[in-house]
Amino acid sequence: MKAQAERAPDRAAQFAALGDPQRLRLVETLAERGEASISDLSSGAGVTRQAVTRHLKVLEGAGLVQGTIRGREHVWVLDADGLASAEAEFERLKAAWRQRLARLKLLVEGE
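This is a predicted model, so every value here is computed, not measured.

J.: Even after reading the chapter, I still don't get the sheet that holds strand E2 (residues 65-70), so can you show me in this structure?
T.: Sheets are built from strands paired through backbone hydrogen bonds, the pairs being either parallel or antiparallel. Read from one edge to the other, the open sheet built from three strands follows the order E1-E3-E2, with strand pairing classed as antiparallel. A single partner strand is all that each edge strand has here, and the edge strands are strand E1 (35-37) and E2. When the angles between neighbouring strand axes are averaged without regard to direction, this sheet yields 30°. Note: E1 against strand E3 (residues 73-78), three bridges, orientation antiparallel. Bridging from a neighbouring strand, Ala36 pairs with Trp76 of E3.

J.: What am I meant to see in the nonpolar core here?
T.: Note on soluble globular proteins: their nonpolar side chains tend to be buried together. Residues Leu41, Leu56, Leu59, Leu64 and Trp76 are the most contacted members of the largest nonpolar core, which totals 16 residues. When contributions to this core are tallied by element, the ones reaching two or more residues are helix H1 (2-18), helix H2 (21-33), helix H3 (38-42) and helix H4 (49-61). With sequence-adjacent residues up to four places away left out, Leu41 is seen in contact with Arg25, Leu26, Thr29, Leu30, Arg33, Ala36, Val52, Leu56 and Trp76.

J.: Sorry if this is basic, but what is going on with the pattern of salt bridges here?
T.: Pairs may arise between side chains of opposite charge once their charged atoms sit close together. Counting across every chain of the model gives four salt bridges. With its nearest N and O atoms 2.8 Å apart, the salt bridge here joins Arg70 to Glu35. Taken together, the positions of Arg70 in strand E2 and Glu35 in strand E1 put the pair 35 residues apart, joining distant regions of the chain. Taking relative accessible area as the criterion, Arg70 reaches 45% and is therefore assigned partly exposed. The exposure class of Glu35 is partly exposed, given its relative accessible area of 35%. The partner of Glu91 in a salt bridge is Lys94, and the shortest N-O contact between them spans 3.3 Å. Taken as a pair, Glu91 and Lys94 lie in helix H5 (residues 80-109) at a separation of three residues, close to a single helical turn. Given a relative accessible area of 34%, Lys94 falls into the partly exposed group.

The rules behind each value
- Residues numbered from 1 in each chain as written.
- Predicted model: local features only at pLDDT ≥ 70, side-chain atom pairs only at ≥ 80, totals over all residues.
- Heavy atoms only, no water.
- Pairing = 2+ DSSP bridges.
- Helix = DSSP H or I, 4+ residues; strand = E, 2+ residues; numbered from the N terminus.
- Axes fitted to C-alpha atoms, helices over the stretch in contact; angles between N-to-C directions.
- Core = buried A, V, L, I, M, F, W, Y, C linked by side-chain atoms within 4.5 Å.
- Buried < 20%, exposed > 50% of the residue type's maximum accessible area, 1.4 Å probe, protein only.
- Contact = heavy atoms within 4.5 Å.
- Salt bridge = Lys/Arg side-chain N within 4 Å of Asp/Glu carboxyl O.

Here it is in structure tokens:
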């Protein structure tokens, strides 16, 4: 039980980070491009570079992206380990719901 409690803040941070439409868009953009600078990510986004930076810091805190400085630019990429952790949590939740729905189906059908 303790191990689950220790992981809860990470899972909560990941869900909270991905729950914001702007941050989800940044994750999608990084998934498409592989890597991008803050300039690239803020171009055409309708938000300031400062707002993009704040969103990236939240995603970084949740373990979903990593930033590195290359010359004068801060370049961002997805964090494969963090995404794998989030994916595993989604799969766990999906399996639990499938199991519940299967039990409900049996109950409704009277088997």
